[in-house]
Amino acid sequence: MSIQLALDGHSFSVAGDIAAAADGVAEVELLTASTLLVPVVLCDEGEGARLLAAAGIAVRPDDEVVCTSATEGDEPLRAVMALPRAVSAALCERMGHAAGEGSPALSALRFTSPLLRGVSASGKCLWMFAAGDLLYIKVYDGGLRLAEVFPAPSVDDALCLLDRLSGVFPLSEFTLCLAGDAGRRWRKAMKRNFREIVCES
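Everything in this summary refers to the structure shown in the same document. Everything quoted here is computed from the prediction, not taken from an experiment.

The rules behind each value
- Every chain begins its residue count from 1, and numbering advances along the sequence as written.
- Reporting in this predicted model follows two pLDDT cut-offs: at least 70 for local features of residues, and 80 or more for side-chain atom pairs to be given and counted; totals over whole chains, interfaces and linings ignore these cut-offs and use all residues.
- The side-chain numbers reported here are obtained from all heavy atoms of the structure, hydrogens and water having been left aside.
- Take a side-chain nitrogen of Lys or Arg and a carboxyl oxygen of Asp or Glu: if they are within 4 Å of each other, that pair is a salt bridge.
- Relative accessible area decides the class of each residue, using a 1.4 Å probe on protein chains only: under 20% of the type maximum gives buried, over 50% gives exposed, and in between gives partly exposed.
- To qualify as a nonpolar core, a set must consist of buried Ala, Val, Leu, Ile, Met, Phe, Trp, Tyr and Cys residues joined through side-chain atoms within 4.5 Å.
- Pairs of residues are marked as contacts when any of their non-hydrogen atoms sit within 4.5 Å.
- In this description a helix means any DSSP run of H or I spanning at least four residues, a strand means any run of E spanning at least two, and both kinds are numbered starting from the N terminus.
- The arc in question is the one spanned by the directions pointing from the helix axis to the C-beta atoms.
- Strand pairing is defined by DSSP finding a minimum of two bridges between the two strands.
- In the cavity and pocket records, a cavity denotes points on a 1 Å grid over the protein atoms alone where a 1.4 Å probe fits but cannot get out, a pocket denotes an open set with protein on both sides within 12 Å along at least 5 of 7 lines, and lining residues are residues with an atom within 4 Å of a point.
- Grid points are joined across faces, edges and corners, and a volume is the space filled by probe spheres set on the points.

Looking now at the pattern of salt bridges. Using the criterion set out here, one finds five salt bridges in the structure. For glutamate 196, the salt bridge goes to arginine 195, with nearest N and O atoms at 3.9 Å. Look at arginine 195 and you get exposed, because its relative accessible area is 52%.

In structure tokens form, the structure reads like this:
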């Protein structure tokens, strides 16, 4: 199940049904610009709001901060995200529980983010995933160098972002991995910028 938060933070849409895994925990992919990827060693549960603030991501008084499970590998990461308490209440309702502090419904949810998705290409790679009005990117060059979420509702916005990134990374030496539905639509517009383009489903 995916939850898309509006950029103003006041509305959201839900795609799919909540289905609990064998362990009774349901996974929810939260799509929000208020997302920060953090090494596990720096991410304590109670420090999420401070980490977001340090990165310049505002946490509103009516927001709740959640952390994902850690990724596997040599350098495990977690995503820290802020979501309105109204979204928490709606999730609790969908899980069949009453909302409230320490709700059993939220403890039965496992949050994730597109920034935690794996990338099929190796070496120098720029991974892009468009979801609604958001563009998730990860840059790999001898390891993960950048992971960000940008407001980018169109291919023109994505191309503008590529122009900015080309001032930091030699994108002509990179493989572009386009994930999601926008991948095939955007491929032609971006082919001049990259050595190779791979579309992932």
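Below, the discussion takes up the nonpolar core. Buried together is how nonpolar side chains tend to be arranged in soluble globular proteins. By size, the foremost hydrophobic cluster in this structure holds 22 residues, and its most contacted members are Leu126, Met128, Leu135, Leu162, Trp186 and Met190. Once residues within four sequence positions are removed from consideration, leucine 126 is found in contact with Ile137, Lys138, Val139, Leu162, Leu165, Leu171, Phe174, Thr175, Leu176, Cys177 and Phe194. By size, the runner-up hydrophobic cluster in this structure holds 16 residues, among which are Leu77, Leu116, Phe129 and Val149.

It helps to recall that an α-helix has 3.6 residues per turn; residues three or four apart then point in one direction. Taken together, the buried positions of helix α5 (residues 182-190) are occupied by Ala182, Gly183, Trp186 and Met190. Around the axis of α5, the buried residues are gathered within 85 degrees of arc, so they sit on the same side. Residues Arg184, Arg185 and Lys188 are exposed on α5 and point more than 90 degrees away from its buried face.

Once that is clear, we can look at the pairing of strand β4 (residues 35-39). With respect to burial, β4 is a largely interior element, four of its five residues being buried. Summarising the sheet, β4 and strand β6 (residues 77-84) pair through five bridges and their orientation is antiparallel. Bridge pairing in β6 links threonine 35 to methionine 81.

Considering only enclosed or pocket space, the largest pocket measures out at about 310 Å³ in volume. Thr71, Glu75, Leu77, Tyr140 and Leu144 are, among the 18 residues lining the largest pocket, the residues nearest its centre.

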